[in-house]
Amino acid sequence: MERGVTLGRMDSLLKDWDGETVIVRHDKPSGAWIFIAVHSTRLGPAAGGTRMKAYPDVQAALLDALRLSEGMTFKFAASGMPFGGAKAVVAIPGNLERESRTALLQRYGALIRQLGGLFRTGPDVGTTPDDMDVIATTGAPYIVSRTVGAGGAGDPGPLTARGVFTGIKLLCGRLFGVESVSNRTVLVQGAGDVGGSLIGMLREAGAEVQFSEVNDGLIRTFRDELGLRYVHPSATYSTECDIFAPCALGAVLNAETIPRLKCRAVAGSANNQLETQADAERLRAMGILYAPDYVINAGGVIGVLGMELQGWTRDKADGEVVANIRRNLDQIFESAAAEGVTTDAAARKLADSRLFGAVSR
Ligand code: PHE
């Protein structure tokens, strides 16, 4: 009975998804579920990060893969890159011992190799360039963002942060007339790989940075060692700031949180920040300018894929990330204003024009 109900929900998840293919593996030795969701190969081979964490149930893991893969399709399309969108979720049962984690990653790599190029992957929440090195032992040549020592481009976090920082400055220009974060308050939610790097850039440029975090180690580093103002997670949404930068998990902008926001703009690196499409309208109604997540957070993929597949240097990658995100956000803000639509709708239109060749206005 219970099994029937479970499968029933999984089937409706797949029916409601407009992507192409999902590869499912139940990894017996570890008990992990692996979902590789290939949303679209329209613009090229599908690529996307590997998210590895524990989920409340297997449906939640599948749903995450499905939603995130769609975001990757829009990310590549909006940034004009010749890749399709995909995402892998490795749903682990709690914490794995080091050896079983390594063995799981190697079996996962072998699965990617079997797919023969249908899917390429890099790091995402819960995985690192070191993990990519392990996955690549069985999954090469389809693994990107390996460590620099192993010949990869290394951590995409700082490149993603560079793009978000660019977007935040651009927003300041639109909102306050000066493209600078100097003396602006920015609240960064999540001081992890991207958030932590973004905090560094913001501070160096003279912003007043506050952060919210749940990890004790990171709270200690940023609050106690660096002296940043710490905002308790329960107060994150209602804290007054110029820019709110979600750099943790998805769906943080929703019917419950948006009415509490006291910021002028939202610009962060998290994927799938809007819980539903209606949330874009909610933000607009509150006069909050939203930098669409998959546009502003494309720095990691732009930089890493450019370095690994087109031979860019790190400096060239930084420059391209800045130029690309500037151009796309400018175009999106302009067309949203001109057409009276949300920035999310304008971003979607830009992505659709690249995907389906419609004329973009
Ligand atoms: N986490 C990255 C993203 O969401 C995925 C990625 C990083 C893919 C680097 C390839 C290379 O965009």
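Residues numbered from 1 in each chain as written. Predicted model: local features only at pLDDT ≥ 70, side-chain atom pairs only at ≥ 80, totals over all residues. Heavy atoms only, no water.

Take the site of the ligand next. Residues in contact with the ligand, as listed here, are Gly 49, Met 72, Lys 75, Lys 87, Pro 123, Asp 124, Val 144, Ser 145, Asn 271, Val 301 and Val 304. Within the contact set of the ligand, a nitrogen atom lies 3.0 Å away from a backbone nitrogen or oxygen of Pro 123. Only helix 2 (58-78) and helix 10 (299-310) provide two or more residues apiece to the shell around the ligand. Residue composition of the shell around the ligand, by class: five nonpolar, three polar and three charged. (Near = heavy atom within 4 Å. Polar contact = N/O pair within 3.5 Å; in protein donor to acceptor, adjacent residues only side chain to side chain. Helix = DSSP H or I, 4+ residues; strand = E, 2+ residues; numbered from the N terminus. Nonpolar A, V, L, I, M, F, W, Y, C, P; charged D, E, K, R; others polar.)

What follows covers the sheet that holds strand 10 (residues 265-266). The six strands lie next to each other as 8-7-6-9-10-11, forming an open sheet whose pairing is parallel. The two strands at the open ends of the sheet, each matched to only one other strand, are strand 8 (229-230) and strand 11 (289-290). Strands strand 6 (185-189), strand 9 (243-246), strand 10 and strand 11 of the sheet are contacted by helix 5 (residues 157-176), whose axis makes an angle of about 155° with strand 9. (Pairing = 2+ DSSP bridges. Contact = heavy atoms within 4.5 Å. Axes fitted to C-alpha atoms, helices over the stretch in contact; angles between N-to-C directions.)

What the rule picks out here adds up to 19 salt bridges. In this structure, Arg 107 engages Asp 27 in a salt bridge whose closest nitrogen and oxygen atoms are separated by 2.6 Å. Of the two residues, Arg 107 is situated in helix 3 (residues 98-114) and Asp 27 in strand 1 (residues 21-27); the sequence distance between them amounts to 80 residues. Asp 27 gets classed as buried once you look at its relative accessible area, which sits at 2%. Where Lys 349 meets Glu 339, a salt bridge forms, and the shortest distance between an N and an O atom there is 3.2 Å. Of this pair, Lys 349 sits in helix 12 (residues 343-356) while Glu 339 sits in helix 11 (residues 314-339), and the two are 10 residues apart along the sequence. Exposure remark for Glu 339: the relative accessible area of 31% places this residue in the partly exposed category. (Salt bridge = Lys/Arg side-chain N within 4 Å of Asp/Glu carboxyl O. Buried < 20%, exposed > 50% of the residue type's maximum accessible area, 1.4 Å probe, protein only.)

Moving on, we come to unusual backbone geometry. In this model, Ala 140 is joined to Pro 141 through a cis peptide bond whose omega is 5°. By secondary structure assignment, the location of Pro 141 is in the loop between helix 4 (129-139) and helix 5. Positive phi values are uncommon outside glycine, yet Ser 145 reaches one of about 60°. Locating Ser 145 in the fold gives a position in the loop between helix 4 and helix 5. With a phi close to 60°, Ala 251 is a non-glycine residue in the positive phi region.

Structural measurements only, silent on function.
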